[in-house]
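As a plain string of letters, each chain reads:
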Amino acid sequence: MDQAMDRAMDHAPGAPAVLDRGREAYEASLAAMRDYTGARDAASADQLWIVEHPPVYTLGLGADPSHVLDAHGIPVVQTDRGGEVTFHGPGQAVIYLLMDLKRRRRDARLYAREFVHAIEQAVIETLAAYNLAGERHAGAPGIYIADGRWQGAKIAALGLKIRGNGCTYHGVSLNVSMDLAPFGWINPCGYAGLATVDMKTLGVDAPLAEVQQALARQLIDRLKG
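Every value quoted in this text rests on a predicted model; they were computed, and no experiment measured them. (Residues numbered from 1 in each chain as written. Predicted model: local features only at pLDDT ≥ 70, side-chain atom pairs only at ≥ 80, totals over all residues. Heavy atoms only, no water.)

Here we look at the overall build of the protein
When helices and strands are counted, the protein shows three helices and eleven strands. When the helices and strands of the protein are placed in sequence order, the string is β-β-α-β-β-β-β-β-α-β-β-β-β-α. Taking 225 residues into account, the globule formula puts the C-alpha radius of gyration at 17 Å, and the protein, at 16 Å, falls close to it. With the C-alpha coordinates aligned to their principal axes, the bounding extent of the protein is approximately 45 × 40 × 35 Å. Residues classed as buried in the protein amount to 54% of the 225 residues present. Sequence separation of at least 24 residues holds for 65% of the intrachain contacts in the protein that already meet a minimum separation of 6. Entry remark: accessible area of the protein is about 10000 Å², with carbon and sulfur atoms responsible for 51%. In the protein, the 22 positive side-chain charges and the 26 negative ones have mean positions that sit 7 Å from each other. (Helix = DSSP H or I, 4+ residues; strand = E, 2+ residues; numbered from the N terminus. Rg over C-alpha atoms; globule rule 2.2 N^0.38 Å. Buried < 20%, exposed > 50% of the residue type's maximum accessible area, 1.4 Å probe, protein only. Contact = heavy atoms within 4.5 Å. Areas by Shrake-Rupley, 256 points an atom, 1.4 Å probe, with all protein chains shown as cover. Lys, Arg positive; Asp, Glu negative; His and termini not counted. Charge placed at Lys NZ, Arg CZ, Asp CG, Glu CD.)

With respect to the side chain of histidine 170
Structurally, the position occupied by histidine 170 is in strand E11 (residues 168-175). Judged by its relative accessible area of 2%, histidine 170 falls in the buried class. Separated by 2.7 Å, the side chains of histidine 170 and aspartate 80 make a polar contact. Those residues in contact with histidine 170, other than ones at most four positions away along the chain, are Tyr26, Leu30, Met33, Thr79, Asp80, Arg81, Ile95, Tyr96, Leu97, Gly159, Leu160 and Lys161. (Polar contact = N/O pair within 3.5 Å; in protein donor to acceptor, adjacent residues only side chain to side chain.)

Some thoughts on helix H1 (residues 26-39)
Between its first and last C-alpha, H1 extends 20 Å over 14 residues, near the 20 Å set by a 1.5 Å rise per residue. Of the residues making up H1, those classed as buried are Tyr26, Ser29, Leu30, Met33 and Thr37. Here the buried residues of H1 occupy an arc of 100 degrees about the axis, which is enough to place them on one side. Projecting away from the buried face of H1 at angles above 90 degrees are the exposed residues Asp35, Gly38 and Ala39. The inward-facing, buried residues of H1 abut strand E3 (47-52), strand E4 (56-59), strand E5 (76-78), strand E6 (85-88), strand E7 (92-98) and E11. (Expected span 1.5 Å × (residues − 1). Arc of directions from axis to C-beta.)

Observations regarding the pattern of salt bridges
Counted according to the given criterion, the structure contains seven salt bridges. Arginine 21 serves as the salt-bridge partner of glutamate 24, at 2.9 Å between the closest nitrogen and oxygen. Each of the two residues, glutamate 24 as well as arginine 21, counts as buried. The network of salt bridges with common partners includes Arg40, Asp46, Asp100 and Arg103. (Salt bridge = Lys/Arg side-chain N within 4 Å of Asp/Glu carboxyl O.)

Topic: unusual backbone geometry
Positive phi, normally seen in glycine, also occurs at histidine 72, with a value near 50 degrees. Here histidine 72 is to be found in the loop between E4 and E5. Histidine 72 sits in the partly exposed class, given a relative accessible area of 45%. Its identity as a non-glycine residue notwithstanding, cysteine 189 has a phi of 60 degrees, on the positive side. Inspection of the secondary structure assignment puts cysteine 189 in the loop between E11 and helix H3 (208-223).

Nothing here speaks to function; it is geometry throughout.
What follows is the structure, encoded as structure tokens:
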């Protein structure tokens, strides 16, 4: 990691702390998330981790490896999140959510649905700030473009791990300005032929750091206290 990583941003009381880890190998982030979650107790701070990854494909627990059609030398990593195969790479805003859901609801399992909805809404509001319309698709977690030439294309992916004690890790990725070709070498999220798009293709030329911060603020607004 470079010197900019692990900078903690100011946060309001009751809101998760935000740490900017910069560009980091996926395996390093995964190990750190597991370590933090495994060591935390009732007093441990909830955190959002902003990360940018080198190219990598990740597989969810129930993923079918055949959905990786041709990795073209990109590493394929088995993870413990939900969902199918997805791609992470430079120019993508990734935020991992290390949260204790039982702090918000005694029945963390029930609250998990609200948690996912809040994350998706944060993405929708972030896109709206750039005059892009995003929407949910029933039964297909993530956010999709709602209108125009790219209607139905996926722009954000979501995958979480929620442990029995209500603590979460993994998170959400929003495509900002990427090389989209690697998405064509998989069936994204298990769907053959699913179009994937980024904000730049849709006409928004915003710096990655700006979008990272915008998404983090939207998440904090929905997850604090």
